[in-house]
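# Examining the three-dimensional arrangement
Here's the letter readout for the chains.
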Amino acid sequence: MTHVRRLLPLLSCLLLGCTLLTLFAPGGVLRRDDGPPPRVEGRPKGWSPYELSEYIEDAQEHLRHHPDDAATWASLGGVYLEQARRSADVTYYGKAQGAFERSLRLPADDGGPNIDAVIGMGALANAKHDFTGGLRWAEQARNAAPYRWALYGVLTDAYLELGDYERAQSALRRMLQGRPDLASFTRAARMEHLHGRTGPARTALERAREIAGDPAEYAFVLWQLGELAWSGGDPRAALGFYEQALAADRTHAPSLAGRARAEAALGRTGQALRGYAAAVARSPSFVVEYGELLEHLGDRAGARRQYTVFSGQLKLLAANGINDDLAYGRFEADHGDPDTAVRHLRAEWARRQSVEVADALAWALHRAGHDTEAAGYAARAARLGGRDALFAYHRGEIERALGHTGAARAQLTLALSINPHFSPDGAARARAALARLESDAT
Amino acid sequence: MHHTGSQSRRAWLLIAAASTAVLTTTALLGPAMRAGEATSHWDAPATFADKQIDASDLYAFTSPENPDTVTIIADYIPFQIPHKPYDFDTNTRYEVHIDNTGTGKPAITYRWTFQKNSPLPGVPSFIRKRTHQAGPVDSLVEQSYTLTKLQEGKPAQTLVTNGYVAPTDMGPLITPGYSRLRQKAVRDLPGGGKVFTGTAADPFYSDNDAVNTLRFGLRFFPIKSGVPMNVSSLALQLPKSELALGGDASANPVVGIWTTASRKSLGSDHRQVSRLGNPNYNEVIIPLVERDRFNTLRPENDESGGLVGPSTLDPHQAKVVADRVNAKAPPAPRKDLEEIYLTGLTTQRDGPIKEDLNSHLLNRDVSDISRVEELRLNMSTPLAANPDKWGILKGDKQGYPNGRRLIDDVVTINLRMLLGEPAGNGKPDVVNENSPAFLWKPISDSFPYLALPVTAAP
Amino acid sequence: MIAAAALAGVVLAAHPLGNFSVNHYDGLTVRHDRIEDVAIVDSAEIPTLQDPPTGPAELHARRACEELRGDVAGQAEGRALAWRVEEASFAYRPGAAGLRTSRLTCRLSAPIRVDRPLTLTFANAHRADAVGWREITAIGSGVRLRDSSVPSRSMSDELRDYPSDLLSSPPDVRQARLTAEPGSGERGTAAGVPGVDVITRYTGTLADRLNAVIGAERLTIPLGLLALLLSLVLGAVHAAMPGHGKTVMAAYLAGRDGRLRDACTVAATVTLTHTAGVLVLGLLVTITASVAGEVVLGWLGVVSGLLIALIGTALLCSALRSRKPGHGHGHSHGHGHGHGHGHGHGHGHGHRGVVALGVAGGLVPSPSALVVLLGAMALGRTAFGVMTVVCYGLGMAATLLAAALVLRRFRDLALAGRLRRLRPYTATMTAALVLLVGTGITVRAMATLI
């Protein structure tokens, strides 16, 4: 028993020592009673402490505990949408829609639906080419909250795509007055460009560039500057902008495609093809462009493969009840059956009367042999005074088919003066047509 | 193929539909959801918000070691991560306004504008590769500022040109001896006073539970407590006589203060895009659908604007918060909130808070005031011997809402005031006094009272 | 084209992750002589169209897997692994709108030797720019994995069924890091003891519950008491479970005419030793990242097993010796004193032996107690964590006490009857049992270490 008496205090001392050591260990390793330590060094080396993906995780976690928080559902939807836009990962479109719908089902502030969810639904509808839907949501938002500036972005986009340029202008004006920011400046640039005012468009984009808050936004603005330079016929400057966009966000697919296009124009065919391959792997939006370059270079099989991909996309669309008739019509007019193109573009024109649809329909009609009607639409495509080489080329060809030599020459010359590289094949054909017109004249 | 139930199948259909529609236009459509409400500290995710014009906090207090002066600090560009430089917008006017008559009209406005020094105009600092390792520190400073004082009926007075904007602390390799840079950025103003412009540790201080409660159901911000961040500060230390009505700080001690950011639109006109007086006011009192609008309003239009008055008298968030903490918010009309936020505490207007503290009516030369939202400071309130983070709710008359000190836990105070204090009983125990709150960096004891910027862990 | 679209009506949905996603899954299996990777690439409709196979499917699969192999990188202790394609297959699956999706399955393998803890890293950079689901899992077969950065089960059933929760994002895991060490994971402990699975599962839930309570946002007093109670129960169950030699002590106590005081001594010793052990180990694990909990546990197991075996041997010796002179009394309580002087080795089988047995019983900290302590510390509730560990030890002690009492009672009953004749041998039998169990524990603990 004495042994035990001797041992027990020893053990007790040991136990006490351990306890004290555990409680008051040096270095703060164990004492975490002061709350979690700063996480700064543990964060990914991002640009912003609130990376989109991290925000998403936190908001998801919050909603697991508070599933009735309409505002957070709406913000999460917005971030999903932004994530879809940035990464071209379409999974997020469905998620965005789900989140917005959850938010809309919950009562918000004053009983009405959460305004950000309404605006988000509008943005989502626009992204899905449902511009009428986008307009409806945006108008609903405007009625409920005329000072929520984000809605004017949705409204402007919807009006622009529907071809209602006056309303688009006034929505944009309201936006610029209420809140001059990146969203309004980039839209202003687009509006100016549509009206052929390149200088103001560039000014607006330069302003947007100065306030771009993170790499993805910066890449978006730089890409737009690149598109502006490209459409003005300066592939070298455009290339510079695309490169800068990619320096900020190396996965920005539109800039990848833009860079490939500019490189092709500058004769760097190999780089251009590699660039396009990368772009279409990232987002299949550029397969037709890619195919046209391949076709121009004589790789008919490669081109056909890209066109197959495009048809596949259209089938998927159709299977889901969505008809992107503009893209379909443009494609069919150039690479398929012009009559089919006309049919689809007429349907599209019935829905929306934008200059892009007018041009595509004019070109399809011309390809189908209806030049007189085509001329009318071509004139409509030019109604804003925009400087678009492709439109001018289309118009020139239509005028030529109608025998209006002077007008044809003027339009073709215009096309080549705006952008001598507007399309690999088109530019060559424009030059040939012009040469023929010249030789006919002499 | 992929096993999905009928319900999720519908979801997939939607996704599929959406996916194929991304043919061209998504790229064309601009960022639509940039719902940036530039309000106090917590609003939109930073990636959406327009950080450059986001006024996160405004402080105004009698300088502790220099009691003849008042220190005003306006913070912009919140949540800066250490070692990263952030720039002010060169097309924005950052302003601090002083109203000493209680009308909402600024008697004095201090305006900062920024110019680029950068050799590479147009490329933002977050894109540019930093090549200087140990080069001249000044090459880090990409902007300089001009400070102008505007007064009604007087010509604009330029106080500072080519001012030095303190960069962030990039660590001893790039910014050796950082404290000297801080000193360089503090300069005297002609006619008395000091100014500091640049990066500092964000002194924002609050109780986490209070934040979560007060902001429940508002736009979600995943704020991580205890994460040290930096902020870009505009700080002034000004003689009280310069701010007071008629230059007489003892007779007219009350001033109302707010900060705004106005950005140049595509024309030459500047649009006010951000406004901040009382902390949390816009996000908590103003309904969501009007929050953007509040940022464009000038206080002088508050009374006639039809937004500020009614929102203060019946804030929706009071019910949300009360439900959340099992309390009962006082019934509308909330005359107490009106007194706190729009008129200042005074016994002269029969408000429910019977106290003469910080209303412009206490100024000898003021007889009538408007209901306008401003951060009101009575410059004659003596310095508290033991400042309390809960300000007037603990009897510390020098604390918020009588101005705002760096140590005031404004979120808790606002929360408790929303629940009825100090006019009624409210719910004083809604926030546990001993629950952990984070003051990441010590504040310093001389102007600008802000700690040096947080640096990344070594 | 129209016809195709009409046909497409048959097919129900497009690819769940959008029809231009390329989805990757890597299922890693670490064996003692190699690491295997089942790499699956599930391409949606558009990428399937973009990369049509050229030539027969097997050839295409082989080529595609070779390409994938080039994009897969692995390292063992910093040395690059040499992957080989063992098997390749490629198949189409019907997709939306009459289009097809495709599924490429590559079995890669690379030789390694898991003869000591081995840090393995893995990265898959195949089609890194493509949008899609990226998932990695890792399991060990014949080896034990720890500190794995990836789960062991696929959440998409290897890219067959993608979860569609609004509150989850598609995973984007491109790298894995884990340590493989010799030993066979959980399978070993459960082997051979029927019903232990049930107990383990049951205590597992209890431990989870305890962890949840300790991790609760606000620790109220009832919640705290609940946690302490739970740890008592857990400790009791833990002591009752076979394999740690604790039940043996009860037998020993019963076998040596154990007095209640002895039993109490053992219980106290077990509690103290166990608590101290958990605290020390917890401290070590927290302070130095280099200490691997499992290794320490293994060694402690060896020590504890040896200690028990030693006691068993001593008991056996003294039992045999005391039987020779024909004392019919076996282990009388006077035995310790009686033989103590003459035989240095046998000295102290009395109280010191009891204490040593207690130490041996409490020496191996129970992992669940350790987990609870570490969890509590991470939450800043260290003091509370210590309290739970103490309770855990008390629970163990309680079981031992109870078992001893029951066994003694049982023995009294049994010996009253026919088994009376066995009485002279009980001491020997108990001693042999203790020795056996001690050896078993030692061997098993050694096995996990090698």
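These numbers were taken from a predicted model, which means no experiment stands behind them.

Parameters at a glance
- Residues numbered from 1 in each chain as written.
- Chains lettered and ligands numbered in written order.
- Predicted model: local features only at pLDDT ≥ 70, side-chain atom pairs only at ≥ 80, totals over all residues.
- Heavy atoms only, no water.
- Core = buried A, V, L, I, M, F, W, Y, C linked by side-chain atoms within 4.5 Å.
- Buried < 20%, exposed > 50% of the residue type's maximum accessible area, 1.4 Å probe, protein only.
- Helix = DSSP H or I, 4+ residues; strand = E, 2+ residues; numbered from the N terminus.
- Contact = heavy atoms within 4.5 Å.
- Pairing = 2+ DSSP bridges.
- Axes fitted to C-alpha atoms, helices over the stretch in contact; angles between N-to-C directions.
- Salt bridge = Lys/Arg side-chain N within 4 Å of Asp/Glu carboxyl O.
- Phe/Tyr/Trp six-rings, centres within 6.5 Å; stacked < 30°, edge-to-face > 60°.

All right, on to the nonpolar core then. Formed by 149 residues in total, the largest nonpolar core has its most connected members in Leu76(A), Leu155(A) and Phe422(A). By residue number, the principal contributor to this core is helix H11 (residues 215–231) of chain A, which donates 10 residues. Excluding its chain neighbours within four sequence positions, the residues that come into contact with Leu76(A) are Ile56(A), Ala59(A), Gln60(A), Leu63(A) and Leu167(C). Counting residues in hydrophobic clusters, the runner-up holds 96 residues, among them Trp112(B), Val186(B), Phe196(B) and Ile340(B).

Attention now moves to the sheet that holds strand E5 (residues 84–94) of chain C. Residue and element names in this part refer to chain C. The 5 strands are arranged E5-E6-E2-E1-E8 in an open sheet whose pairing can be described as mixed. A strand with exactly one partner marks an edge of an open sheet, and here the two such strands are E5 and strand E8 (134–140). Each strand of the sheet is rotated relative to its neighbour by a mean of 15°, with strand direction disregarded. As paired strands, strand E1 (residues 22–30) and strand E2 (residues 34–43) are joined by 9 bridges and run antiparallel to one another. What sits directly across from Val30, in E2, is Ile35. Sitting on the sheet, helix H3 (residues 57–71) touches E2, E5 and strand E6 (100–111), and the angle it makes with E5 is about 120°.

Right, let's get into the sheet that holds strand E10 (residues 175–182) of chain C. Residue and element names in this part refer to chain C. The strand order across the open sheet built from 5 strands is E4-E3-E7-E10-E9, with neighbouring strands paired in antiparallel fashion. Of all strands in the sheet, those with a lone pairing partner are strand E4 (79–80) and strand E9 (143–146), marking the two edges. Pairing analysis gives 6 bridges linking strand E7 (residues 118–124) to E10, with the strands arranged antiparallel. By the bridge assignment for E10, Thr119 is matched with Thr179. Running over the sheet, H3 touches strand E3 (72–76) and E7 and is turned about 50° from E3.

Another aspect to go through is the pattern of salt bridges. Residues and elements named next belong to chain C. Taken as a whole and assessed by the stated rule, the structure comprises 58 salt bridges over all chains. Between Arg31 and Glu36 there is a salt bridge, with the nearest N and O atoms lying 3.2 Å from each other. In this structure, the salt-bridge partner of Glu66 is Arg69, at a minimum N-O distance of 3.0 Å. You can see Glu66 and its partner Arg69 sitting in helix H3, 3 residues apart, about one turn around the helix.

For the rest of this paragraph, the subject is the packing of aromatic side chains. Applying the stated criterion across every chain, the model contains 22 aromatic pairs over all chains. Taking 5.9 Å as the distance between ring centres and 85° as the angle between the ring planes, the aromatic pair formed by Tyr147(A) and Trp149(A) counts as edge-to-face. Seen in terms of ring centroids, Phe88(B) and Phe114(B) are 4.0 Å apart; in terms of plane orientation they differ by 10°. Their pairing is stacked. On the criterion of sequence distance, the pair formed by Phe88(B) in the loop between strand E2 (69–80) and strand E3 (92–99) and Phe114(B) in strand E4 (residues 108–116) is long-range, its members being 26 residues apart. An aromatic cluster of three or more residues is present, and its members are Tyr76(B), Phe88(B), Tyr94(B), Phe114(B) and Tyr145(B).

Every α-helix winds through 3.6 residues per turn, so residues three or four apart in the chain are directed the same way. Within helix H15 (residues 287–296) of chain A, burial applies to Val287(A), Val288(A), Tyr290(A), Gly291(A), Leu293(A) and Leu294(A). On the buried face of H15(A), the contacting elements are helix H13 (253–265), helix H14 (269–282), helix H16 (300–319), helix H17 (325–335) and helix H23 (424–441) of chain A together with helix H2 (45–50) of chain C.

Residues in a regular strand project their side chains so that they alternate between the two faces of the sheet. Residue and element names in this part refer to chain C. Only one face of E7 is covered, namely the face carrying Leu118, Leu120, Phe122 and Asn124; the face carrying Thr119, Thr121 and Ala123 is uncovered. Direction of pairing for E3 relative to E7: antiparallel, over a ladder of 5 bridges. Considered in E7, the bridge of Ala76 is made with Leu120.

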